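Structural characterization, general
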Amino acid sequence: MNLRRDVFQAIAEPTRRAILLLVASQAMTAGAIAANFDTARPTVSKHLQILTECELLEQKQNGREIFYYINAKKMKEVADFIEPFRQMWDERFNKLESVMKAYQAKKKD
Amino acid sequence: MEQKTKIDAQNGKQEIHITRTFDLPVELLFKAYVEPEIVEQWMGTKVLKLECRKHGGYQFETTDPRGNKHGFNGVIHEFTPDQRITRTFEMENTPFGVQLEYLQFEKLSDDTSKLTMHVIYPSVEVRDQILAMPFAQGINMAHNRLQQIVNQLK
């Protein structure tokens, strides 16, 4: 239960959400992540530490560099992380259906 | 009520299945993937190229609210009207690589049809990242809205 609160606190901070969004599309080094923010580098490091501690981010050593990537498994524990993906497709297909119904109606005229 | 769109994404696999039933004859459902001006309407994208035939290519372009353009493209490997499209799909300028999509169109009745998309990603990691993206964006939007409300209260 502690985990849930920690994760919620972790994602309540705008910079940390922005970091998650960045890393969601691509594993990045701390430097590359920090380059996206005006915030001081130690502040970004602190955010990365918090996100890593609550396991939303994971670290992977690649040569000399440490890459951060999103831990989809942990995301799944705090929420059904596939649901927004499903909704995105559902909305897209709803649109398809309504566009084609309008098309069908027009053809009948 | 049963959901019309279903996602089957098993842990540790690099593929997913998306299924959806439509209150449309299969011919109309298929047409939605063929006519450029119709694709533009429901996908919310600009169709730069759409060659519906074996070895044909397609190119789409969307513009986000900030005015940034995002390109998508792929090659069509199999094109059987009202039955099947096999194609690749790639988001340009992203590290996701190319995914393979098998689209199967099925007639259920004269007025209903079913689409099954079998999508194969380059790796389990890429698949999980792509699945998680709308989630991450959703968190962001929800919190931005919350922030707006809180700001109004101040």
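The structure reproduced in this document is the subject of the present report. What you are looking at is a predicted structure, and each value in this text was computed from that prediction instead of being measured.

Rules used throughout
Along each chain, numbering runs from 1 in the same order as the chain's sequence is written. Chain letters and ligand numbers both follow the written order, the letters beginning at A and the numbers at 1. Totals for whole chains, interfaces and linings use every residue, but because this is a predicted model, local features are given only for residues with pLDDT of at least 70 and side-chain atom pairs only at 80 or more, for both listing and counting. At least two DSSP bridges between two strands are required for those strands to pair. Helix and strand definitions follow DSSP, with helices as H or I runs of at least four residues and strands as E runs of at least two, each counted in order from the N terminus. To obtain an axis, a line is fitted to C-alpha atoms, over the contacting stretch when the element is a helix, and the angle between two such axes runs from 0 to 180 degrees between their N-to-C directions. A pair of residues counts as a contact when their C-beta atoms, built from backbone coordinates, are within 7 Å of each other. When residues are sorted by character, Ala, Val, Leu, Ile, Met, Phe, Trp, Tyr, Cys and Pro go into the nonpolar class, Asp, Glu, Lys and Arg into the charged class, and all the rest, Gly among them, into the polar class.

Think of a sheet as strands paired side by side through backbone hydrogen bonds, with each pair either parallel or antiparallel. Ordered by their spatial adjacency, eight strands build an open sheet running S1-S2-S8-S7-S6-S5-S4-S3 (chain B), and the pairing between neighbours is antiparallel. Each edge of the open sheet is held by one strand with a lone partner, namely strand S1 (5-8) and strand S3 (46-50) of chain B. Taking the axes of each pair of neighbouring strands and ignoring which way they run, one obtains an average angle of 20° across the sheet. In this sheet, strand S7 (residues 98-107) of chain B lies alongside strand S6 (residues 84-91) of chain B in antiparallel orientation, the contact comprising seven bridges. Counted as the bridge partner of B:Phe89 is B:Gln99 from S7(B). Where helix H6 (residues 83-108) of chain A meets the sheet, its contacts fall on S1 and strand S2 (15-22) of chain B, and the angle it forms with S1(B) comes to roughly 145°.

This paragraph deals with the interface of chain A and chain B. On the side of chain B, 30 residues touch chain A, which itself brings 28 residues to the contact. Residue assignment for the side of chain A that touches chain B shows that the elements contributing at least two residues are helix H2 (14-25), helix H5 (72-78) and H6 of chain A. Ranked by residue count, the leading element in the side of chain A that touches chain B is H6(A), at 15 residues. In terms of residue class, the side of chain A that touches chain B is built from 19 nonpolar, three polar and six charged.

By themselves these figures say nothing about function.
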